[in-house]
There are 2 protein chains.
Amino acid sequence: MSIVTIERKVLEKNDELAAKNRDIFLHYGAFVLNIVSSPGSGKTSILERTLEHLKGRLGVAVIEGDVQTDFDAQRVAKFGVPVVQIVTNGGCHLDAKLVQDALGSMDLKGIQLLVIENVGNLVCPANYDLGEHMKVVVASTTEGDDKPLKYPAMFRTASVLLINKIDLLPYVNCNITELKNNALRINPALNVFETSCTTNQGIDPWCAWLEKQVKSSLS
Amino acid sequence: MSIVTIERKVLEKNDELAAKNRDIFLHYGAFVLNIVSSPGSGKTSILERTLEHLKGRLGVAVIEGDVQTDFDAQRVAKFGVPVVQIVTNGGCHLDAKLVQDALGSMDLKGIQLLVIENVGNLVCPANYDLGEHMKVVVASTTEGDDKPLKYPAMFRTASVLLINKIDLLPYVNCNITELKNNALRINPALNVFETSCTTNQGIDPWCAWLEKQVKSSLS
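Caption draft 1: Quick peek at the overall build of chain A. Secondary structure summary: chain A contains eight helices and seven strands in total. Each of the 219 residues in chain A was classed as buried or not, and the buried ones make up 58%. Just so you have it, chain A exposes about 9,000 Å², and 51% of that area is on carbon and sulfur atoms. When the 22 positive and 25 negative side-chain charges of chain A are each reduced to one mean point, those points stand 2 Å apart.

Caption draft 2: Layout of the packing of aromatic side chains. All names here are of chain A. As enumerated under the stated definition, the model contains seven aromatic pairs over all chains in all. Seen in terms of ring centroids, F193 and W206 are 6.0 Å apart; in terms of plane orientation they differ by 65 degrees. Their pairing is edge-to-face. Of this pair, F193 sits in strand β7 (residues 191-194) while W206 sits in helix α8 (residues 203-218); the two residues are 13 residues apart in sequence, bridging distant segments of the chain. Grouped by ring-pair contacts, the aromatic residues F193, W206 and W209 constitute a single cluster.

Caption draft 3: Examining the relation of the copies chain B and chain A more closely. Structural alignment of chain B on chain A gives an RMSD of 0.0 Å, achieved by rotating through 180 degrees and translating 0.0 Å along the axis. Such a combination of turn and shift is consistent with a two-fold rotation axis. Both copies share a contact surface, since 100% of the interface residues of chain B are interface residues in chain A too.

Caption draft 4: Molecular detail of the sheet that holds strand β6 (residues 160-164) of chain B. Residues and elements named next belong to chain B. Pairing within the open sheet is parallel, and its seven strands lie in the order β3-β2-β4-β1-β5-β6-β7. The open sheet is flanked by β3 (83-87) and β7 (191-194), the only strands paired with a single partner. Averaged over all adjacent pairs, the angle separating strand axes in this sheet is 20 degrees, with direction ignored. In terms of strand pairing, strand β1 (residues 31-37) meets strand β4 (residues 113-117) through five bridges, oriented parallel. Following the sheet pairing, I35 is matched in β4 by E117. Most of the contacts of helix α8 (residues 203-218) go to β1, to which it runs at about 140 degrees, and overall it touches β1, β4, β5 (134-140), β6 and β7.

Caption draft 5: Region of interest: the side chain of T44(A). The residue T44(A) is located in helix α2 (residues 43-54) in this model. Apart from the residues within four sequence positions on either side, T44(A) is in contact with E64(A), D72(A), R75(A), V76(A) and E117(A).

Caption draft 6: Spatial organisation of helix α4 (residues 96-104) of chain A. Residue and element names in this part refer to chain A. Among the residues of α4, those classed as buried are A96, V99, A102 and L103. The arc enclosing the buried residues of α4, seen along the axis, measures out at 120 degrees, which places them on a common side. Where α4 begins, the side chain of D95 points an oxygen toward the backbone nitrogen of K97, at a separation of 3.1 Å.

Caption draft 7: A look at helix α2 (residues 43-54) of chain B. When the terminal C-alpha atoms of α2(B) are compared, their 16 Å separation across 12 residues agrees well with the 16 Å that a helix rising 1.5 Å per residue should span. Burial analysis of α2(B) places nine of its 12 residues in the buried class, which makes it a mostly covered element.

Caption draft 8: Summary view of the packing of α2(B) against α8(B). Residues and elements named next belong to chain B. Two elements in contact, α2 and α8, have axes separated by 10 Å at closest approach and are oriented at 65 degrees. With respect to their mutual orientation, α2 and α8 come out roughly perpendicular. Relative to α8, α2 is oriented so that their crossing is right-handed. Across the interface between the two elements, I46, R49, T50, H53 and L54 of α2 pack against I203, D204, W206, C207, L210 and E211 of α8. Residues that form the contact of α2 with α8 fall into these classes: six nonpolar, two polar and three charged.

Caption draft 9: Quick look at unusual backbone geometry. Backbone geometry places K165(A), a non-glycine residue, at a positive phi of 65 degrees. With respect to the element layout, K165(A) can be found in the loop between β6 (160-164) and α7 (176-186).

Caption draft 10: Representation of the pattern of salt bridges in the model. The full count for this structure, using the stated rule, is 24 salt bridges over all chains. In this structure, K97(A) and D101(A) form a salt bridge, with 2.8 Å as the shortest nitrogen-oxygen distance. On the criterion of helical spacing, the pair formed by K97(A) and D101(A) is a turn pair, its members being four residues apart in helix α4. Given a relative accessible area of 38%, K97(A) falls into the partly exposed group. When salt bridges that share partners are traced, they join D66(A), D72(A), D146(B), K147(B) and K150(B) into one network.

Caption draft 11: A look at the environment of S41(A). Residue and element names in this part refer to chain A. Within the secondary structure, S41 is located in the loop between β1 (31-37) and α2. In sequence terms S41 and A153 are 112 residues apart; their C-alpha atoms lie 17 Å from each other. The contact partners of S41, leaving out residues within four places of it in the chain, are V138, S140, E143, N164 and K165. For S41, the side chain forms a polar contact with the side chain of E143, separated by 2.4 Å.

Caption draft 12: Quick peek at the pairing of β1(A). All names here are of chain A. Within β1, seven of the seven residues are buried, leaving the element largely enclosed by the surrounding structure. In β1, alternate side chains face the same way, and those of F31, L33, I35 and S37 on one face and V32, N34 and V36 on the other are all buried. Bridging between β1 and strand β5 (residues 134-140) involves five bridges; their strand directions are parallel. Each residue of the ladder has a partner; that of N34, found in β5, is K135.

Caption draft 13: Structural context of the nonpolar core. Counting residues in each nonpolar core, the largest one holds 52 residues, and the members touching the most others are V137(A), F155(A), L161(A), V137(B), F155(B) and L161(B). Listing elements by their share of this core, those giving two or more residues are β5, α6 (152-157), β6 and α7 of chain A together with β5, α6 (152-157), β6 and α7 (176-186) of chain B. Contact partners of V137(B), with chain neighbours within four places excluded, come to V36(B), L122(B), M154(B), F155(B), A158(B), V160(B), L161(B) and L162(B).

Caption draft 14: Molecular detail of the interface of chain B and chain A. Tallying the contact residues gives 33 residues for chain B and 33 residues for chain A. There are four salt bridges connecting chain B and chain A. Here chain B and chain A share nine residue pairs in polar contact (both at pLDDT 80 or more) between them. Per-class residue counts for the side of chain B that touches chain A are 17 nonpolar, nine polar and seven charged.

Scoring rules and cut-offs
Residues numbered from 1 in each chain as written. Chains lettered and ligands numbered in written order. Predicted model: local features only at pLDDT ≥ 70, side-chain atom pairs only at ≥ 80, totals over all residues. Heavy atoms only, no water. Helix = DSSP H or I, 4+ residues; strand = E, 2+ residues; numbered from the N terminus. Buried < 20%, exposed > 50% of the residue type's maximum accessible area, 1.4 Å probe, protein only. Areas by Shrake-Rupley, 256 points an atom, 1.4 Å probe, with all protein chains shown as cover. Lys, Arg positive; Asp, Glu negative; His and termini not counted. Charge placed at Lys NZ, Arg CZ, Asp CG, Glu CD. Phe/Tyr/Trp six-rings, centres within 6.5 Å; stacked < 30°, edge-to-face > 60°. Least-squares fit on C-alpha atoms with pLDDT ≥ 70 in both. Contact = heavy atoms within 4.5 Å. Pairing = 2+ DSSP bridges. Axes fitted to C-alpha atoms, helices over the stretch in contact; angles between N-to-C directions. Arc of directions from axis to C-beta. Polar contact = N/O pair within 3.5 Å; in protein donor to acceptor, adjacent residues only side chain to side chain. Expected span 1.5 Å × (residues − 1). Parallel < 35°, antiparallel > 145°, perpendicular 65-115°, else oblique. Left-handed = near helix turned anticlockwise from the far one by under 90°. Nonpolar A, V, L, I, M, F, W, Y, C, P; charged D, E, K, R; others polar. Salt bridge = Lys/Arg side-chain N within 4 Å of Asp/Glu carboxyl O. Core = buried A, V, L, I, M, F, W, Y, C linked by side-chain atoms within 4.5 Å.

Here it is as structure tokens:
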């Protein structure tokens, strides 16, 4: 029982710090995404395509979260945007404190969009508010169409669902209509986009929508 | 700091219960696998192919772990084996206590192989011993070849790596030699098998190896 109490305390403390992060984001006028998914769903690839698309249109910065390695930060740095890597060293999610620490080594002046790429984990990151404006959950077609029902918390707390790797649909056992319906059954307010980082299909609509969100949050 | 202490206590308590589970498995002569992976890597499909293959050769039972739903237990029950579903209700991993509870509704008499399918999560289940003889980690080619380096704990604690969805290799950005080398760099003792549940490639060698493990543990 004591574990539950501690867990509640941890989450309360996290929420306080998330509120502080939110104040910082508001102060700088930065719109913040928290991208979550299973390992290997294509978060970093989508981020690469998004950075390509938004180049010269928005000031973008990135916080990369990984259990180990700075591979993702290296990939993102190639796009010439400020990036800070958080290595959780076994930790299964980012929390508001880790993001606060990362913000200490990042200048948000001129940044209109901050993308936080969370640790690849479809369970734990759902519980930790980082102070973001919205969570984006990526689900790839290769994971099958039942994932929203099996991991509902993540789909419930997200505002956007990117169904990625749609180029692989002919080769995998995934009914995309079913996947979408399962997600909308958990969260009818989800904004759904279908994407492929191999063919670039769906990247334009997603980026146009995102840019509109950022700009209306600034106005 | 108190969180670290509690976490240690939780793990100590888990290890005690895992030892009790181990005694039960030993008593019944059941060889126990703990299958772990990201969501959608194909754990349940591999289990289905394995059950098909071992039918009439070994007494098999299954414990299914899921955050929500009993979809996987339903799939497994079709093979006529005893199956208990654990729904963690948001919990990100199975622990020894949950397995102990499941054993309460399962008769292990005549069971030579018990397969525990863990929650889809490449991070947290690495820390929780369930009393199993070995962990089997499934990594699908669609997740990319860098996962062993990014999620090392899981690959370090596993005895077997099943590289699944090898039928998709022509369509995905995954160098299978690189994936294998990355895994073996983390854990040189890993037994590696390449599988596809679509073409059945690699299922025979995996099942033959498993059957041999089970039989030598009994002798």
